[in-house]
Each structure stands twice: as structure tokens, then as C-alpha cells.
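Examination of the molecular architecture
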Amino acid sequence: MQIHRETLERETAPDTDIHDLTDEVRAVIERSGVKQGQVLVFTPGSTAGVTVIEYESGAVADLRRAIDRLAPTGERYDHDARWGDGNGYSHVRAALLGPSITAPIVDGRAVLGTWQQIILCDFDNRPRTRKIVVQVMGVVVP
Amino acid sequence: MQIHRETLERETAPDTDIHDLTDEVRAVIERSGVKQGQVLVFTPGSTAGVTVIEYESGAVADLRRAIDRLAPTGERYDHDARWGDGNGYSHVRAALLGPSITAPIVDGRAVLGTWQQIILCDFDNRPRTRKIVVQVMGVVVP
Amino acid sequence: MQIHRETLERETAPDTDIHDLTDEVRAVIERSGVKQGQVLVFTPGSTAGVTVIEYESGAVADLRRAIDRLAPTGERYDHDARWGDGNGYSHVRAALLGPSITAPIVDGRAVLGTWQQIILCDFDNRPRTRKIVVQVMGVVVP
């Protein structure tokens, strides 16, 4: 059983900036040598999340609008009233989406649909440098 | 440490067709021989998701309505404007629900509540044949 | 490869009672001795969920309001019409939020942001005694 970990980094823009991580995750799996197992893609931080979507500009814009409805920017947030950092909506969005996804690895590749990409969603209200932990667990024998 | 994987298949109907996978997942765990570990239930594809619910027709209908509100069919979707396949809402729903769940295995059984079943939700706008990867990782000794 | 499991217990109040589990999860990881691996925090039961948020009263109240909009208490639920237990909204909320989170463990500690706490959300309409399974998988060598 092997555990292999790498940390990706992304510069993000404010307000639901969505990045495709799939190619980088695939490269980590390859470097790990793991043939059967799982990959965990996790973002530390309370104002970003990780999920999957078909990464094309239409679906990405649609997702952004749906997330905006979940926790609109125009509402009153107790977090902002208390701390004044103006990103109450970002915290709620991140809590609802979740910080990670896990995908099975079969024959050295993540099992994903053709149109199913792994994405980072940064919900914060200012530019950030995000870390994303990619951890591969499994066996190197086929 | 053992890794055991099987792929389930389900024929689904359009528009949030919800299937109970619990019995099949339990059978995979039994065949794996794993006594302590985890089971990952993952659906490849960008228009379906996996979660848990009490699988009875009332709660299932209630969930379907809530998901419909998250990404209503009557809205305009950029994905549809661009690609014309009419399933923009399906992509958004799948991204919000997520493609998988992971449950602990204790003494050879998935730890689930009595009324907590593992479900596949197919959000696409046409019938599909879905694959669901069930992967068990753990140890065979008690 | 080690698998270590402990079950936490929490007394919860009705209607989206939110508890910070982070310190207890950290203690389980420490007792496991695992240095590199993953921790799975899973709640059995169909009316509760697990996610992450900055655990301060403002953000917690904001999340509670957003969840209330996802499945409002004032709506008609088929689950209630059929079973009469009045917690149809609780089932929908739990299905949308999901029952677990998984975080990587690096150098004996869960990789979490400074303001990213692991929380239990109990959605039921009556007080409950909740169990939360904390399972650590990984290696004890650094």
C-alpha cells in the first residue's frame, strides 16, 4: 500500500472562480505509480470547495449562477456583521459544496466520465493563492 | 490491505431518477471479505450523483423537488445555448450533489443508519445506462 | 497500513443544531498514531450531515439560514404525509449536505485551514443522541 501526496497551487480571482484541476490530478496519480486505489482532492480553507462538472464555459457559468442563488451576495450575513470581512456568502457556499472529492483509481487512471472534470471553486471576495492537496492511496501492482 | 472493486450497472429514466444501491453495495462488501475499512460508491459521468436518503417514495419525491429548485428545468442555461443538448440543469445538479459517498466498514458491514440508503440520482434528460464503481479498501482480519 | 476507529457521541437539539467536532477528530488521529493517510468523519442516520465551516456563531447562523431555504420547514412534504413524523425537511437537508467528509492526514495532523472546522449538522425535529464514526487509515511511519 502506497501513500503519495502533492500540493497544487492556484492563483484565483474573487467570486466563484472555477479552475479545472483534472490534468494536474492525473499527473500526480501517474507519478505516484499507484495502479488500484483512490485519489482524494482536498482544499484547505473555509471559502473554497471542490466538485466535478463538465468544464466548458456554459456549464461553468450555469453552476456559478446556481451557487449564487444558494447564498446570494446581496443578503445580510451575520458573519459580516460580526467580523466585517464581507465574505459571509463565501463561507456558506463552501460549507454547502464541500472541500473535496474522492475518485477511484483503476489501472493507473482516475475513473472519471469523459465530460467529468475535477474543479476548484474559490468563493472568496478577494484574490487568493490556493493550495489543493492531492493524495493517492493504493497499490502499485496491477 | 485489500482493494476490491466491482462495477454496477443501472438503466435509468430521465429527470432525477433515483435508485437504491444499498443491497448491491452490501453484497460487494461481503464478496470483498473486508472486515474493517471503507467503501467508495462513485458514478462516472457529469449528469448523475450519489448520496444517501431514507429510500421511501415520500422522501424521494421531496428530494426530487428540492433538487429541481436548485437548478430548475425552466431556466435559461448557457450550456444549452452553446451545445444544444438541453441538459444544462442536469450538469448543475450533478455538480452540486457530488459524484460519490464514502462509508466506513466495521465488522464486515457498511456503517449506515437503519433508514439511510445509498442512492444514485440520474439527472440527465434522456434514458441512460449508468455505471457505478464500488470500491472496497481495508483489511480482511477482524 | 493501520485502520483505527472511534465513535463519538453528541446530544443534539432540534432543527439544524451545529456542533464543532474538530478537536475530538484531532484527538482520534493522535491516538491512532497515523502520520500519513486520511480521516473519514461519517454520521450514520438519515437526518444529519457532516461538512466544514468556520465555526463562529455568525457563519453558523448564516449556514443555518441557507439550509433552511434548501428545504423550508413550512412546505408540504410527501414524507410527512405518508409517515406523519414531521421531519420530511430533515431528510432532504441531510441528503443534500451528505453524511461525511474526508480530510488528508499529513505528519500526524488533519490538513485543515485555520478557519476550517469539521461540523455535525443535526436536521431532525427532536433531540437526538448522535453517533459519529471517525475512521483513520494510513501509515504510522513518517
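Nothing here was measured: the structure is a model prediction, and the numbers come from that model. (Residues numbered from 1 in each chain as written. Chains lettered and ligands numbered in written order. Predicted model: local features only at pLDDT ≥ 70, side-chain atom pairs only at ≥ 80, totals over all residues.)

1. A short note on the interface of chain B and chain A
Taken residue by residue, the interface counts 28 residues in chain B and 27 residues in chain A. Those elements that provide at least two residues to the side of chain B that touches chain A are β1 (2-12), β3 (36-42), α3 (78-83), α4 (88-97), β5 (100-106) and β8 (128-139) of chain B. Classifying every residue of the side of chain B that touches chain A by side-chain character gives 16 nonpolar, nine polar and three charged. (Contact = placed C-beta atoms within 7 Å. Helix = DSSP H or I, 4+ residues; strand = E, 2+ residues; numbered from the N terminus. Nonpolar A, V, L, I, M, F, W, Y, C, P; charged D, E, K, R; others polar.)

2. Brief notes about the relation of the copies chain C and chain B
One chain copy maps onto the other through a rotation about an axis and a shift parallel to that axis. It takes a turn of 120° to lay chain C on chain B, together with a shift of 0.0 Å along the axis; the resulting RMSD is 0.0 Å. When the rotation and shift are considered jointly, the pair of chain copies conforms to a three-fold rotation axis. Proximity to the rotation axis, assessed at the C-alpha, singles out Met1(C) in chain C; its C-alpha lies 4.1 Å from the axis. A share of only 11% of the interface residues of chain C reappears at the interface of chain B, consistent with the copies meeting through non-equivalent patches. (Least-squares fit on C-alpha atoms with pLDDT ≥ 70 in both.)

3. Thoughts on helix α4 (residues 88-97) of chain C
Note that an α-helix has 3.6 residues per turn; residues three or four places apart therefore point the same way. For α4(C), a buried count of ten out of ten residues is recorded, marking the element as mostly surrounded by other parts of the structure. All of the buried residues in α4(C) are Gly88(C), Tyr89(C), Ser90(C), His91(C), Val92(C), Arg93(C), Ala94(C), Ala95(C), Leu96(C) and Leu97(C). Where α4(C) is buried, its residues contact β4 (48-53) and α2 (57-70) of chain B together with β4 (48-53), α2 (57-70), α3 (78-83) and β7 (117-122) of chain C. Gly98(C) occupies a position one or two residues after α4(C) and carries a positive phi of about 95°. (Buried ≥ 20, exposed ≤ 12 C-beta atoms within 10 Å, placed from the backbone.)

4. Description of the packing of helix α2 (residues 57-70) of chain A against α4(B)
A packed helix pair is summarised by two numbers, namely the angle formed by the two axes and the spacing between the axes. The geometry of α2(A) relative to α4(B) is characterised by a closest axis approach of 9 Å and an angle of 60° between their N-to-C directions. Considering the angle they form, α2(A) stands oblique to α4(B). Viewed along their axes, α2(A) and α4(B) form a crossing whose handedness is right-handed. Every residue of α4(B) that contacts α2(A) at Gly58(A), Ala59(A), Asp62(A), Leu63(A) and Ala66(A) is listed here: Gly88(B), His91(B), Val92(B), Ala95(B) and Leu96(B). For the contact of α2(A) with α4(B), the per-class residue count stands at six nonpolar, three polar and one charged. (Axes fitted to C-alpha atoms, helices over the stretch in contact; angles between N-to-C directions. Parallel < 35°, antiparallel > 145°, perpendicular 65-115°, else oblique. Left-handed = near helix turned anticlockwise from the far one by under 90°.)

5. Concerning helix α1 (residues 22-32) of chain A
All names here are of chain A. Val 25, Val 28, Ile 29 and Ser 32 are the residues of α1 that are buried. One side of α1 holds all its buried residues, which, seen down the axis, span an arc of 100°. Exposed side chains of α1 directed beyond 90 degrees from the buried face belong to Asp 23, Glu 30 and Arg 31. Buried residues in α1 make contact with β1 (2-12), β3 (36-42), β5 (100-106), β6 (109-110), β7 (117-122) and β8 (128-139). Remark: Gly 33 follows α1 within two positions and exhibits a positive phi of approximately 80°. (Arc of directions from axis to C-beta.)

6. Details of the interface of chain C and chain B
Tallying the contact residues gives 28 residues for chain C and 27 residues for chain B. Mapped by element, the contributors of at least two residues to the side of chain C that touches chain B are β1 (2-12), β3 (36-42), α3, α4, β5 (100-106) and β8 (128-139) of chain C. Tallied by class, residues from the side of chain C that touches chain B come to 16 nonpolar, nine polar and three charged.

7. Some points on the nonpolar core
Judged by nonpolar contacts, the single largest core of 129 residues is most densely connected at Val39(A), Val41(A), Val39(B), Val41(B), Val39(C) and Val41(C). Leaving out residues up to four positions away in the same chain, Val41(B) has contacts with Leu21(B), Val25(B), Val50(B), Ser100(B), Ile101(B), Ile118(B), Ile132(B) and Val134(B). (Core = buried A, V, L, I, M, F, W, Y, C linked by C-beta atoms within 7 Å.)

8. Overview of the relation of the copies chain B and chain A
Once chain B has been moved 0.0 Å along the axis and rotated by 120°, it coincides with chain A to within an RMSD of 0.0 Å. An asymmetric contact is evident, with only 11% of the interface residues of chain B recurring at the interface of chain A.

9. Observations regarding the environment of Gly113(A)
Relative to the elements of secondary structure, Gly113(A) occurs in the loop between β6 and β7. The spacing of Gly113(A) and Glu75(A) is 38 residues in sequence and 36 Å in space, taken between C-alpha atoms. The residues touching Gly113(A), leaving out its near neighbours within four places in the chain, are Pro44(B), Gly45(B) and Ser46(B).

10. Structural notes on the sheet that holds β5(A)
Residues and elements named next belong to chain A. Here we have five strands laid out as an open sheet, ordered β1-β8-β3-β5-β6, and antiparallel in their pairing. A single partner strand is all that each edge strand has here, and the edge strands are β1 and β6. Strand direction decides the pairing type here: β3 and β5, joined by six bridges, are antiparallel. Following the sheet pairing, Phe 42 is matched in β5 by Ser 100. Contacting β1, β3, β5, β6 and β8, α1 runs over the sheet at an angle of about 40° to β8. (Pairing = 2+ DSSP bridges.)

11. Topic: the sheet that holds β4(B)
Residue and element names in this part refer to chain B. If you walk across this open sheet you meet the three strands as β2-β7-β4, and the pairing is antiparallel. Sheet topology places β2 (17-20) and β4 at the edges, where each strand pairs with a single neighbour. Direction aside, neighbouring strands of the sheet carry axes that sit 30° apart on average. Direction of pairing for β4 relative to strand β7 (residues 117-122): antiparallel, over a ladder of six bridges. Bridge assignment links Thr 51 to a residue of β7, and that residue is Ile 119.

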